[in-house]
Amino acid sequence: MGTVRRMTLIGLFLLVAVVGLGIPTSGAARTGDESKRVIEVEGPVVWAVQLSDLHFSVHHPDRALDFRRLVGPALSLIRPSLVLLTGDLTDGKSRDLLTMKQNEEEWVEYQSVMDDVIQRSGLDRTIFYDVRGNHDNFGVPAVGGALDFFSKYSINGRLGRRSNVNSVTLQTPERKHLFVGLDSSMRVGIRGPTNLFGHPTDEMLAETDAQLSQWDSLSGKPVTKISFGHFPLSFSAASDSGKTLKEIFLKHSISAYICGHLHSRFGKNLKRHHRSSDRVLSSERFFQLNMKPQASATTQNCSLGAPPAEEFWEWEMGDWRKSRMMRILAIDGGHVSYMDIDLKSGLKETIILPTFPLDSRFMSTSLSHRTYECEFMVPSSHETIRALVFSNSPIASVIVRIFDLRGGDFSMVMDSQMTKREDITSGGALYSAPWNYRAFEDPSPDRYWLQIIANDAMGRPTFTDLRPFSINGLSAHRSWTWKEFFVMGCQWAALYGPILWSVFCFLFSLLLIPKVLWLCTNKQLTYASSLANKSIFSGVAWILQELCNIPVVWFGFLGYLFFLLLFPWFIGQVFTNGGKGYMTYKGWVVKSISQRGGNFFLGHPDIMVIVIPHLVFVVLPAVLVAAALAAERTRYQEKFRTTMEKKEDDYSLLHKGSVKHDIQGSRTSKFRFGNRWTQKFLLVVCLGIFWKHFSLLGASVAGLFYVRYRKSRLEH
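Not measured: the values here are computed from a predicted model.

Parameters and conventions
Residues numbered from 1 in each chain as written. Predicted model: local features only at pLDDT ≥ 70, side-chain atom pairs only at ≥ 80, totals over all residues. Heavy atoms only, no water. Helix = DSSP H or I, 4+ residues; strand = E, 2+ residues; numbered from the N terminus. Buried < 20%, exposed > 50% of the residue type's maximum accessible area, 1.4 Å probe, protein only. Areas by Shrake-Rupley, 256 points an atom, 1.4 Å probe, with all protein chains shown as cover. Pairing = 2+ DSSP bridges. UniProt positions renumbered as here; feature names shortened; annotations may be inferred. Salt bridge = Lys/Arg side-chain N within 4 Å of Asp/Glu carboxyl O. Core = buried A, V, L, I, M, F, W, Y, C linked by side-chain atoms within 4.5 Å. Contact = heavy atoms within 4.5 Å. Axes fitted to C-alpha atoms, helices over the stretch in contact; angles between N-to-C directions. Parallel < 35°, antiparallel > 145°, perpendicular 65-115°, else oblique. Left-handed = near helix turned anticlockwise from the far one by under 90°. Patch = residues over 30% accessible without salt bridge, like charges linked within 9 Å, V, L, I, M, F, W, Y side chains within 5 Å. Nonpolar A, V, L, I, M, F, W, Y, C, P; charged D, E, K, R; others polar. Phe/Tyr/Trp six-rings, centres within 6.5 Å; stacked < 30°, edge-to-face > 60°. Lys NZ or Arg CZ within 6 Å of the ring centre and 35° of its normal. Expected span 1.5 Å × (residues − 1). Bend = angle between axes of the 7 residues up to and from the residue. Lys, Arg positive; Asp, Glu negative; His and termini not counted. Polar contact = N/O pair within 3.5 Å; in protein donor to acceptor, adjacent residues only side chain to side chain. Arc of directions from axis to C-beta.

**Things to note about the overall build of the chain**
Reasoning step 1: Counting its secondary structure elements, the chain contains 17 helices and 25 strands.
Reasoning step 2: Expressed as a percentage of its 716 residues, the buried residues of the chain come to 50%.
Reasoning step 3: In the form shown here, the chain has an accessible surface area of approximately 33300 Å², with 59% of it arising from carbon and sulfur atoms.

**Remarks on the pairing of strand E11 (residues 311–316)**
Reasoning step 1: Counting buried residues along E11, 6 of its 6 residues qualify, which places the element largely inside the surrounding structure.
Reasoning step 2: Both faces of E11 are covered, namely the face carrying Glu311, Trp313 and Trp315 and the face carrying Phe312, Glu314 and Glu316.
Reasoning step 3: Summarising the sheet, strand E9 (residues 256–259) and E11 pair through 4 bridges and their orientation is parallel. Its bridge partner being in E11, Tyr257 is matched across the sheet by Glu314.

**A closer look at the UniProt feature "transmembrane region" (unreviewed entry) in the chain**
Reasoning step 1: As recorded in UniProt, the feature "transmembrane region" (unreviewed entry) lies at residues 492–513, 552–571, 607–631 and 681–707.
Reasoning step 2: Along residues 607–631 one finds 96% helix and 0% strand; the C-alpha atoms at either end are 35 Å apart.

**Topic: unusual backbone geometry**
Reasoning step 1: Residue Pro193 is bonded to the preceding Gly192 through a cis peptide linkage, with omega at 5°.
Reasoning step 2: Tracing the backbone shows Pro193 in the loop between strand E7 (176–182) and helix H6 (202–212).
Reasoning step 3: For the bond running from Phe356 to Pro357, omega is 0°, close enough to zero to count as cis.
Reasoning step 4: At Arg79, a residue that is not glycine, the phi angle is positive and equals roughly 50°.
Reasoning step 5: Mapped onto the elements of the fold, Arg79 is located in the loop between helix H2 (62–78) and strand E4 (82–86).

**Comments concerning the pattern of salt bridges**
Reasoning step 1: In this structure the tally under the stated criterion is 20 salt bridges.
Reasoning step 2: Here Arg68 ties to Asp116 by a salt bridge, and the two come within 3.9 Å at their closest N and O atoms. Of this pair, Arg68 sits in helix H2 while Asp116 is found in helix H3 (residues 104–121), placing the two residues 48 residues apart along the sequence.
Reasoning step 3: Residues Asp115 and Arg125 are paired through a salt bridge, measuring 2.8 Å at the closest nitrogen-oxygen approach. Of the two residues, Asp115 is situated in helix H3 and Arg125 in the loop between H3 and strand E5 (128–131); the sequence distance between them amounts to 10 residues.
Reasoning step 4: For Asp115, a relative accessible area of 25% gives the class partly exposed.

**Observations regarding the nonpolar core**
The nonpolar side chains of soluble globular proteins are, as a tendency, buried together.
Reasoning step 1: Residues Phe67, Leu82, Leu85, Phe128 and Phe179 are the most contacted members of the largest nonpolar core, which totals 117 residues.
Reasoning step 2: Residue contacts for Leu85: discarding those within four places in its chain leaves Leu51, Leu54, Phe67, Tyr110, Met114, Phe128, Tyr129, Asp130 and Val131.
Reasoning step 3: Grouped together as the second largest cluster of nonpolar side chains are 23 residues, Phe356, Tyr431, Tyr437 and Ala454 included.

**So, the packing of H2 against H3**
Reasoning step 1: Running from N to C, H2 and H3 point in directions that differ by 25°, and their axes come no closer than 8 Å. Taken together, the axes of H2 and H3 are roughly parallel relative to one another. In the crossing of H2 with H3, the sense of the turn from one axis to the other is right-handed. Residues Ala64, Phe67, Arg68, Arg69, Val71, Gly72, Pro73, Leu75 and Ser76 of H2 touch H3, and the partners they reach there are Glu109, Ser112, Val113, Met114, Asp116, Val117, Arg120 and Ser121.

**A few points about a nonpolar patch on the surface**
Reasoning step 1: A cluster of nonpolar side chains, Tyr560, Phe562, Phe563, Leu566 and Phe567, forms an exposed patch at the surface whose accessible area comes to about 490 Å².
Reasoning step 2: Relative to the helices and strands, Phe562 resides in helix H14 (residues 551–566).
Reasoning step 3: Relative accessible area serves as the criterion here: at 41%, Phe562 is assigned to the partly exposed category.

**Quick word on the packing of helix H11 (residues 492–521) against H14**
Reasoning step 1: At a minimum axis distance of 11 Å, the contact between H11 and H14 shows a crossing angle of 155°. Between H11 and H14, the crossing angle belongs to the class labelled roughly antiparallel. Of the two elements, H11 crosses H14, and the hand of that crossing is left-handed. Contacts between H11 and H14 pair Trp501, Phe504, Leu507, Phe508, Leu511, Leu512 and Lys515 from the former with Trp554, Phe557, Leu558, Leu561, Phe562, Leu564 and Leu565 from the latter.
Reasoning step 2: Split into classes, the residues belonging to the contact of H11 with H14 amount to 13 nonpolar, no polar and 1 charged.

**Observations regarding the sheet that holds E5**
Reasoning step 1: Spatially, the 5 strands line up as an open sheet ordered E5-E4-E3-E12-E13, and their pairing is mixed. Each edge of the sheet is formed by a strand with only one pairing partner; in this case those strands are E5 and strand E13 (335–342). Shown here is a sheet whose adjacent strand axes are inclined to one another by a mean of 20°, direction ignored.

**Concerning the packing of aromatic side chains**
What describes a pair of aromatic rings is the distance from one ring centre to the other and the angle between the planes of the rings.
Reasoning step 1: Inspection of the entire model under this criterion finds 28 aromatic pairs.
Reasoning step 2: Ring pairing ties together the aromatic residues Phe56, Phe67, Trp107, Tyr110, Phe150 and Trp320, which thus form one cluster.
Reasoning step 3: Its guanidinium or amino end placed over the ring of Tyr129, Arg161 lies 3.7 Å from that ring's centre, counting from NZ or CZ.
Reasoning step 4: In this structure, Lys176 packs its charged tip against the face of Trp215, placed 4.1 Å from the ring centre.

**Thoughts on H2**
Residues spaced three or four apart along an α-helix face the same direction, because each turn holds 3.6 residues.
Reasoning step 1: If you check H2, its first and last C-alpha atoms are 23 Å apart, about what 17 residues at 1.5 Å a residue would give, namely 24 Å.
Reasoning step 2: Of all the bends in H2, the greatest, near 25°, is centred on Arg68.
Reasoning step 3: Arg63, Ala64, Asp66, Phe67, Leu70, Val71, Gly72, Ala74, Leu75, Leu77 and Ile78 are the residues of H2 that are buried.

**Overview of the side chain of Asp606**
Reasoning step 1: Tracing the sequence through the fold places Asp606 in the loop between strand E25 (599–602) and helix H15 (608–652).
Reasoning step 2: At 12 Å, Arg187 is the nearest oppositely charged side chain to Asp606, a buried residue that forms no salt bridge.
Reasoning step 3: Within the local environment of Asp606, its side chain forms a polar contact with the backbone nitrogen of Phe197, the two atoms lying 2.6 Å apart.

**Focus on the environment of Phe463**
Reasoning step 1: Positionally, Phe463 belongs in strand E20 (residues 461–463).
Reasoning step 2: Judged by relative accessible area, which is 49%, Phe463 ranks as partly exposed.

**Considerations on H6**
Reasoning step 1: Buried within H6 we find Met204, Leu205, Thr208, Asp209, Gln211 and Leu212. Here the buried residues of H6 occupy an arc of 165° about the axis, which is enough to place them on one side.
Reasoning step 2: Where the residues of H6 are buried, they touch strand E2 (36–40), strand E6 (165–171), E7, strand E8 (223–228) and helix H7 (245–252).

**Some thoughts on the environment of Lys348**
Reasoning step 1: Turning to its location among the elements, Lys348 is positioned in the loop between E13 and strand E14 (350–356).
Reasoning step 2: Taking C-alpha positions, Lys348 is 9.4 Å from Thr462, a pair spaced 114 residues apart along the chain.
Reasoning step 3: Setting aside anything within four residues of it in sequence, one finds Lys348 in contact with Leu77 and Asn392.

**Re the pairing of strand E16 (residues 395–404)**
Reasoning step 1: Summarising burial for E16: 7 of the 10 residues are buried, a large majority.
Reasoning step 2: By the bridge criterion, 7 bridges tie E16 to strand E17 (residues 411–420) in an arrangement that is antiparallel. Within E17, the residue paired with Ile402 across the bridge is Met414.

In structure tokens, the structure reads:
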């Protein structure tokens, strides 16, 4: 009873605090576990704000200044139920980008800016959740150690949220909305650039599974599940047992996983739809060609006990660092929608977020299609068009327009006034308009397009972008650019091993196959024979065999490949405060910071950003250019010998020996120092390889020795 009484008093205290601060909640109940919270929310719609990749830096003060200036008023206008900051809160880089380590001054600035933003927004501090990114973990040997400034200065750290999995539930009278935050950064944070991937552990995956299932058997209300973290799944490694976050998310059929990490420079369509595959040899383990793969044509199972489709959306958002992006995510009767706002030009007076119908390009799921086909829809969910409107000025009118694109041109087929709903008393206003949704049934997912227009009291209109919708729940096709596919469609953790061994096998084959063929057939290919065959294969075989004729170079390359496989690539300081280690193609080997002693590998597959570029852009071109130089030398020698023999025959009948000797010497000098453009071109390519090698080396090694240099200077 004492515990119940204390919890009741705490609940009353929080209720008073919420009312006093003007938070858009009617009450908040906290469980005994700090990693789980329940917040009561009024109204049928809940919304949250996401910000990612802030990269506060002592070398770029504008990032923190703009955040302090813009985000506080934006949150005061939007008044979300949650604010999610998904990693890379600080930059952790030197001005020359060579050193990557934690800078306490940046963390002090982050703490100060967030305190100011929270105060200006009028929101409760406890609705803010920040997670660690890879930049927040550069050179941190242990969580909770002296260099772990995240635990000291972050909101989660100061509120005692020590778990790497934290959840919060927004509860309305009709539905629960479960948000689960993940910190999958390295538990032992090595410095960049080999700190790039998320590394969920088996313990973290088990905790994530438990958090996502916390309401499955305890609530009669439907549950919408959202997860948030820093790393996209394309840059998340598997655990030691081979399990992945994707498997957990599919198991629970979450609605969306929202993340950051990739920034905006790779494209604006960094979104991916995941679904389970029954095929044992599915290529989706390694890559996915389309943003949303086409589902196989199957008959809908409309029985009430049928399990939901295992699927979810992954939505990466742009960064604050350069793009000044902010995202609003809303859940309206289980329908999840979002919009990204560009704050580069300042905060807009009015913001409109349509919540139903959903954008058929990025938000439709097979569950939506099944719900419609099986007529499981809740009438109140489909019978109105709805949109959230946030404005600093009074809104005079809100209009919804629907356009038909059947003939190739937009023709308006609906123009209706929307009315304000009175069941939302704080934050944004929810507007709705009745419609005959069955009139918009169509097998094409992008025939009908939606636009919302809000006019404020001063007559200023605000338009939303046209967006396609499908009342049937069908998905419109949207393709990635090659850069978007490169970062979202490829599972780099799974691809590292096949790429690595494919490149090594190819390099060894370039060196060994010509040598073996020569030894087995005892047949030496020549320049003349390769020309006579007029075959590309014959020409390549001759070029590679010429490399075998220079034993020093050939054995040098072969030995270097074995060196890369068997020995450390380089040695340096892995952590900011010391900790020497060496890197192999498997990862970093360092002294264990645990009580066990011994060594273990770190940064796998993160080290692929060094290993693969070095093999593909340095070693492979070096082998090919060396073989080409050897072939060019042989071709030159044969041409020189043929020319000299011809000249010798031409002059033998006309001149005596002394005269012939003089002419031969002059011809030799002219031929030897003549225009050998192939050789010159190959030497320029060598310079390019040399530059590429040292640019890659500088990105990975210079910082390691820079820290040692600075440390030695301080000691002296």
